[in-house]
Amino acid sequence: MRTQAFWNDPRIRAWFFQILAVLVVGGFIAIIVTNTVDNLNALNVASGFGFLQHTAGFGISQTLIEYSESSSYGRAFLVALLNTLLVAGIGIFFATVVGFLVGIARLSPNWLVARLATVYIETFRNIPLLLQILFWYTAVLSNLPAPRNSLEIGSLLMNNRGLYLPAPVGEPGFGFVVAAFFIALLGIVFLRHWSQRRRIATGRGLPIMWPSLGLLFGLPLITFWLAGAPLHFEVPELRGFNFVGGLRAIPELLALVLALSIYTAAFIAEIVRSGIQAVSWGQSEAAQALGLRRTQILRLVVIPQALRVIIPPLTSQYLNLTKNSSLAAALAYPELASVFAGTVLNQTGQAIEVLTITMAVYLGLSLLTSAAMNFYNSRIALVER
Amino acid sequence: MSFVRDTYLVETPPPGMNVGVLGWLRGNLFSSASNTLLTLFGMYVLWTVVPPLIEWALLDAVWQGSGREACLVEGAGACWAFVAAKFGQFIYGTYTFEERWRVDLAFLAGALTVGLLMIERMPGRRYIAVFGLLIYPVIAYILLTGGMFGLPEVETTLWGGLLLTFVVASVGIVVSFPLGIVLALGRRSQMPVMRVLSVIYIEAWRGVPLITVLFMASVMLPLFLPAGTNFDKLLRVLIGVALFSSAYMAEVVRGGLQAIPRGQYEAASALGLGFWQANLLIIMPQALRLVIPGIVNTFIGLFKDTTLVMIVGLFDFLGSIQVNFSDANWATPQTAATGYAFAALVYWIICYSMSRYSMRLEARLNEGTRRA
Amino acid sequence: MNEDSMAIEITGLNKWYGAFHALKEIDLTVRRGDRIVICGPSGSGKSTLIRCINRLEEHQQGRIVVNGIELNNDLKRIDEVRAEVGMVFQSFNLFPHLTILENCTLAPIWVRKLPKAQAHEMAMSYLARVQIADQADKFPGQLSGGQQQRVAIARALCMNPEIMLFDEPTSSLDPEMIKEVLDVMITLAGEGMTMLCVTHEMGFARTVADRVIFMDEGQIVEENAPEEFFNNPQHPRTQEFLSQILSH
């Protein structure tokens, strides 16, 4: 004998609502799909991913791998993806360095330095990123001189076509130098391991810093000299109106990296500041009372705790930077959003496929980073009751 | 060893070099060799940045003029005359000149609503909020679009400038707010289907850049609807922005919900309240108070993100400034820099004020929760 | 280390926070083996005083000599003093990212340069003395307040200090945990440790202290053996303070 009507049973109601939700969402999707298919047919737009093998027919100003106008759309996608990763990678590097410096400066006991850091943070956080990108590109880089009157700083050349560097070209035998570099890295790892074991056993470790630096620079250099200096630099040469040869960073890349780094660094600075402040002052005091020196306190007590607080939001910012690189579409820097979701989309008209691929790539990067973050968090979380 | 004091000692001032202006300077700027170096470095930075900036923006700037000749003067700084001449367009876009009063009215009404909401002890705050979320949008829509009540229609293609920026940001926030609440509740729901659907929605929108969403909105939305539906470009962008923003709003609301102690939920069910009643009457009011700083921060982010609509062909504040750089009448080397500087200033003032307000709110909220 | 020297000698100590005169003309002598309790109303400067002894606070006038080493801005001397002086804080300040054992071995390994095995052994013996050896592999977040404070005492003891400073060690504890910490401190005193203790626990003062010092407004107002101090307070301010603190 039921004590209540079955439609009041919470479990039945739960299933009812869930089934309803699935039907509604499913129905919604069905309607959209039907309409889309009809519309695409009416517009004579092709479907499917076959277009990836068709010839692209357009050039790209910066390619990290082989590409020409007769390459396929698929190849263009790859080039664009690599360009995205390039600008994101460089941007993340500079943003982190500047961000940590400004964040630590913000906490400096020197009043002037702390205020300057605050001004930096408050200025660049509150101005839209697109505006900053356009500013660096238009107001600064376009005002650079023509190639004939390039600015020279050492072996760097700056003009309105970009930043030119001599390109290192390895000759036979350079492989040994590279190998020496990696052997040096291995050596450093061994040195640290050995030092730690010695400290555990006897209380005193080995000096690490100078031998490591010596190994890192010395070993490759000696190998280089012994191999007869198998390296020459291809210097960019002025031919006609432009430079040929060497490495070139196009102005769009420079503007993008500059703006992304400066903007994201402002957010990273705040994260670093609050991370360090999250470690209570009592921790430093207890460590001081035990007789630990300043560097030891930072390394053993403050930074491990600060990093736990800093790293999750820091990864968030890295992700934001990667997504923000899509603003390159405003500059025609050839990355994923501007080349693939831009030119390729316009030429093939296959918006659905192109946008799906593009969004899937960004989504994939996001999920990957989130997963890595969650994994890291579960490993290092402070153990509590 | 015993001791008893007979008279208390009076306070004496500290040794000279430690107080006053000199003491402050000594302590904060010159306390050690490295500190002094830092101070010198800081002063160098100031020296290289501030005087040239003041020269360019104020001393050498051109304040009046009607064309490029005014700003082509030798050694001219910022071309504020350009800003002055184009000011109307920067604010209203190409909105019909005679109807601009409608924009002013809509903005004033909105500002008033928000202003009243910001007053701490305002009576009837809830009613003002309801007005702001439900009634004011309708009024604003009528005022801005027209086509009824005797107001001539102004097509959305004419909207631009700061007007457009505020429209996109405000609509984005107002629409994403209820959506975000539903999604946040869905994500915390016990029903697996709701949870999965919510999580997929939230993570999908949060994982992609806004640009791709805008592309998707302008290119794909017309395909989703039956052929022949005329789809206003602004509307497409608004839909994209609202959906995108709702995912972030959902996370903000979720943070607020998580901050409500379990005891509140338990007390609500002990009183016999069902799911919707408990949430509406007990949980939500508390959670929403907590997330107001988060909502303001989301609005600040959205406000900055409105600049992206320029890439899909709408002329917001930044877009209308940028498009005027190619006006031949004002082509000078300083035009672009001046325009960007003006844009940066306006955005900075608005965003900075909002972020100060949000910080004050947060501090006030934390006051209430901190134990004495 | 000079067996005959005073453990701590403070003469004419004055300290200012900005313009605020926090410590006024403090004179204090602590012999080896002395157990001293410092009490007083909040804001009287008691914590500031003992924090000056291991240079967690700087003084502007006067002399502080710890174990024959005078405290000034010389970093090396400060490190020497800190190695001989252990401190227990009101808020425990255990390192949350390290286990109990690691908390205790950190300083011996990095400051005294002990081999890990030796530090390990010594730490376990001190943890056993404060009756918490079974928790050695747990993290501070998993322990109760009383347990954490006992670990903090063991951690300080692992550096084999000559002098122990206690800054209101039981003020953050729930009442039922105060006893376990006080018991450890009483045992420590019984073993001859030189101790300066800022506390409100008057029972402890009566049991253990050689001298009780009353501070008010940054200066020492009265100082006496515990019997005299509690039964026959001389200064009116002391009498007022004692009546407030002993009545509840």
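All of these numbers come straight from a predicted model, not from anything done at the bench. Every chain is numbered independently, its residues counted from 1 as its sequence is written. For naming, the first written chain is A and the first written ligand is 1, with later ones following in the order written. The model is predicted, so local features are restricted to residues of pLDDT at least 70 and side-chain atom pairs to those at 80 or more, both for listing and for counting; the totals for chains, interfaces and linings are taken over all residues. Only heavy atoms go into the side-chain values, all of them from the structure, while hydrogens and water stay out.

Novice: How would you sum up the overall build of chain B? Please name residues and give values.
Specialist: Per the convention used, a helix needs a DSSP run of H or I reaching at least four residues, while a strand needs a run of E reaching at least two, with both numbered from the N terminus. Counting its regular elements, chain B contains 14 helices and one strand. Here the globule rule reads 2.2 Å times residues to the power 0.38, and the radius of gyration is calculated from C-alpha atoms. Over its C-alpha atoms chain B spans a radius of gyration of 27 Å, topping by over 25% the 21 Å that the globule rule assigns to 372 residues. Counting only C-alpha atoms, chain B reaches 100 × 80 × 40 Å along its principal axes. In chain B, which comprises 372 residues, the share counted as buried stands at 43%. Nonlocal contacts in chain B, meaning residues at least 24 apart in sequence, comprise 67% of its contacts between residues at least 6 apart. Residue-level accessible areas treat just the shown protein chains as cover; the underlying method is Shrake-Rupley with a 1.4 Å probe. Put simply, chain B shows about 19,800 Å² of open surface, and 68% of that area lies on carbon and sulfur atoms. Buried means the residue's accessible area, taken with a 1.4 Å probe over protein chains only, is under 20% of the maximum for its type, while exposed means over 50%, and partly exposed covers the values in between. When checking whether two residues touch, look at their non-hydrogen atoms; a contact exists if any pair is within 4.5 Å.

Novice: I'd love a proper account of the sheet that holds strand β2 (residues 20-30) of chain C, names of residues and values included.
Specialist: Residue and element names in this part refer to chain C. Pairing is antiparallel across the open sheet formed by four strands, whose spatial order is β2-β1-β4-β5. Every interior strand has two partners, whereas the edge strands, β2 and β5 (69-70), have only one. As judged from the five bridges shared by strand β1 (residues 8-17) and strand β4 (residues 61-66), these two strands associate in the antiparallel manner. By the bridge assignment for β4, I8 is matched with V66. Here the axes come from fitting lines to C-alpha atoms, over the contacting stretch only for helices, and the angles between their N-to-C directions go from 0 to 180 degrees. Lying on the sheet, helix α1 (residues 46-53) is in contact with β1, β2 and β4; it crosses β1 at an angle near 120 degrees. Strand pairing follows a simple DSSP-based rule, namely that at least 2 bridges must link the two strands.

Novice: If you had to explain the sheet that holds strand β3 (residues 35-39) of chain C to someone new, which residues and values would you point to?
Specialist: A sheet is described by the order of its strands in space; here seven strands give the open sequence β1(B)-β10(C)-β9(C)-β3(C)-β8(C)-β7(C)-β6(C), paired in mixed fashion. The sheet is open, and its two borders are formed by β1 (3-4) of chain B together with β6 (85-88) of chain C, each paired with just one other strand. In this sheet, strand β10 (residues 219-224) of chain C lies alongside β1(B) in antiparallel orientation, the contact comprising two bridges. Opposite V4(B), over in β10(C), you have E222(C) as the bridge partner. Where helix α2 (residues 75-84) of chain C meets the sheet, it contacts β6 and β7 (163-167) of chain C, and its direction lies at approximately 65 degrees from that of β6(C). Set on the sheet, helix α5 (residues 145-157) of chain C makes contact with β6 and β7 of chain C; between it and β6(C) the angle comes to about 170 degrees.

Novice: Residue-level account of the side chain of E353(A), with values.
Specialist: Structurally, E353(A) is set in helix α11 (residues 351-380). Despite its burial, E353(A) pairs with no opposite charge; the closest candidate is R236(B), at 17 Å N-O. The contacts of E353(A), once residues within four sequence positions are left out, are A46(A), S47(A), G48(A), F49(A) and F51(A). Neither His nor the chain termini are counted; the positive set is Lys and Arg, and the negative set is Asp and Glu. Think of a salt bridge as a Lys or Arg side-chain nitrogen and an Asp or Glu carboxyl oxygen that are within 4 Å of each other.

Novice: Can you lay out unusual backbone geometry for me, pointing to particular residues and giving the numbers?
Specialist: All names here are of chain C. Residue E25 is not a glycine yet carries a positive backbone phi of 45 degrees. Residue class for E25 comes out partly exposed when judged on its relative accessible area of 38%. The phi torsion at Q131 lies on the positive side, around 60 degrees, for a residue other than glycine. Residue classification places Q131 among the exposed positions, given a relative accessible area of 59%.

Novice: I'd like to hear about the interface of chain A and chain B, residue by residue, with values.
Specialist: In many reports, interface size means the accessible area that the parts give up when they come together. In this complex, chain A contributes 49 residues to the contact, which on the side of chain B involves 52 residues. Accessible area that two parts lose when put together, with a 1.4 Å probe and added across both, is what the buried area reports. Of all residues in chain A, N126(A), L131(A) and M359(A) give up the largest surface area on contact with chain B, accounting jointly for 14% of the area buried on that side. Taken together, the connections running from chain A to chain B amount to zero salt bridges. Looking at the side of chain A that touches chain B, the elements that each hand over two or more residues are α1 (10-43), α3 (111-125), α4 (129-140), α7 (251-278), α10 (336-348) and α11 of chain A. Residues are grouped as follows: Ala, Val, Leu, Ile, Met, Phe, Trp, Tyr, Cys and Pro are nonpolar; Asp, Glu, Lys and Arg are charged; all remaining types, including Gly, are polar. A class-by-class count of the residues in the side of chain A that touches chain B yields 34 nonpolar, 12 polar and three charged.

Novice: Outline the state of the cysteines, supporting the account with residue identities and numerical values.
Specialist: We call a pair of cysteine sulfur atoms a disulfide when they lie within 2.5 Å. One pass over the structure, following the stated rule, counts one disulfide over all chains. The disulfide bridge from C71(B) ends at C79(B), spanning 1.8 Å between sulfur atoms. Around the S-S axis, the bridge from C71(B) to C79(B) shows a dihedral of about 80 degrees and counts as right-handed. The two residues C71(B) and C79(B) agree in class, both being buried. Of all cysteine sulfurs, the one in C158(C) lies closest to C104(C), which takes part in no disulfide; the gap is 4.5 Å.

Novice: Please give an account of the domain arrangement of chain A that cites residues and values.
Specialist: When cut into domains, chain A gives domain 1 (2-45), domain 2 (73-166 + 235-380) and domain 3 (167-234). Residue ranges labeled as domains rest on an automatic or database domain assignment. Placing the centre of domain 1 of chain A and that of domain 2 of chain A at their C-alpha centroids yields a distance of 42 Å.

Novice: Now, about empty space enclosed by the protein: what can you tell me, with residues and values included?
Specialist: Points on a 1 Å grid, built from protein atoms alone, make a cavity when a 1.4 Å probe fits but cannot get out and make a pocket when they are open with protein on both sides within 12 Å along at least 5 of 7 lines; residues with an atom within 4 Å of a point are the lining residues. Grid points are joined across faces, edges and corners, and a volume is the space filled by probe spheres set on the points. Following the criterion strictly, the structure yields two cavities of 30 Å³ or more and no others. The calculated volume of the largest cavity comes to roughly 40 Å³. Together, A286(A), A289(A), L290(A), G86(C), M87(C), F89(C), A152(C), R155(C) and A156(C) line the largest cavity. If you list the elements that add at least two residues to the lining of the largest cavity, you get α8 (281-289) of chain A together with β6 and α5 of chain C. Sort the elements by how many residues they give to the lining of the largest cavity and α5(C) lands first, with three residues. Among the residues making up the lining of the largest cavity, the classes are represented as seven nonpolar, one polar and one charged. The calculated volume of the second largest cavity comes to roughly 30 Å³.

Novice: Before we move on, could you go through the interface of chain C and chain A and cite the residues and values that matter?
Specialist: Contact with chain C, which involves 31 residues of that partner, is made by 28 residues of chain A. Summing both partners gives a buried area of about 2,700 Å² for chain C against chain A, and 61% of it is carried by carbon and sulfur. Looking at the side of chain C facing chain A, the largest losses of area belong to H97(C), W110(C) and K113(C), adding up to 25% of the total buried there. Inspection of the region where chain C meets chain A yields one salt bridge. Where E285(A) meets R51(C), a salt bridge forms, and the shortest distance between an N and an O atom there is 2.5 Å. The definition of a polar contact used here is a pair of N or O atoms within 3.5 Å, where within protein one atom must be able to donate a hydrogen and the other to accept one, and adjacent residues in sequence count solely through side-chain atom pairs. For the interface between chain C and chain A, the tally reads seven residue pairs in polar contact (both at pLDDT 80 or more). Among the elements of the structure, α2, β6, α3 (100-110), α4 (116-129) and α5 of chain C are those that each provide at least two residues to the side of chain C that touches chain A. Ranked by residues supplied to the side of chain C that touches chain A, first place goes to α3(C) with four residues. Looking at side-chain class alone, the side of chain C that touches chain A contains 19 nonpolar, six polar and six charged residues.

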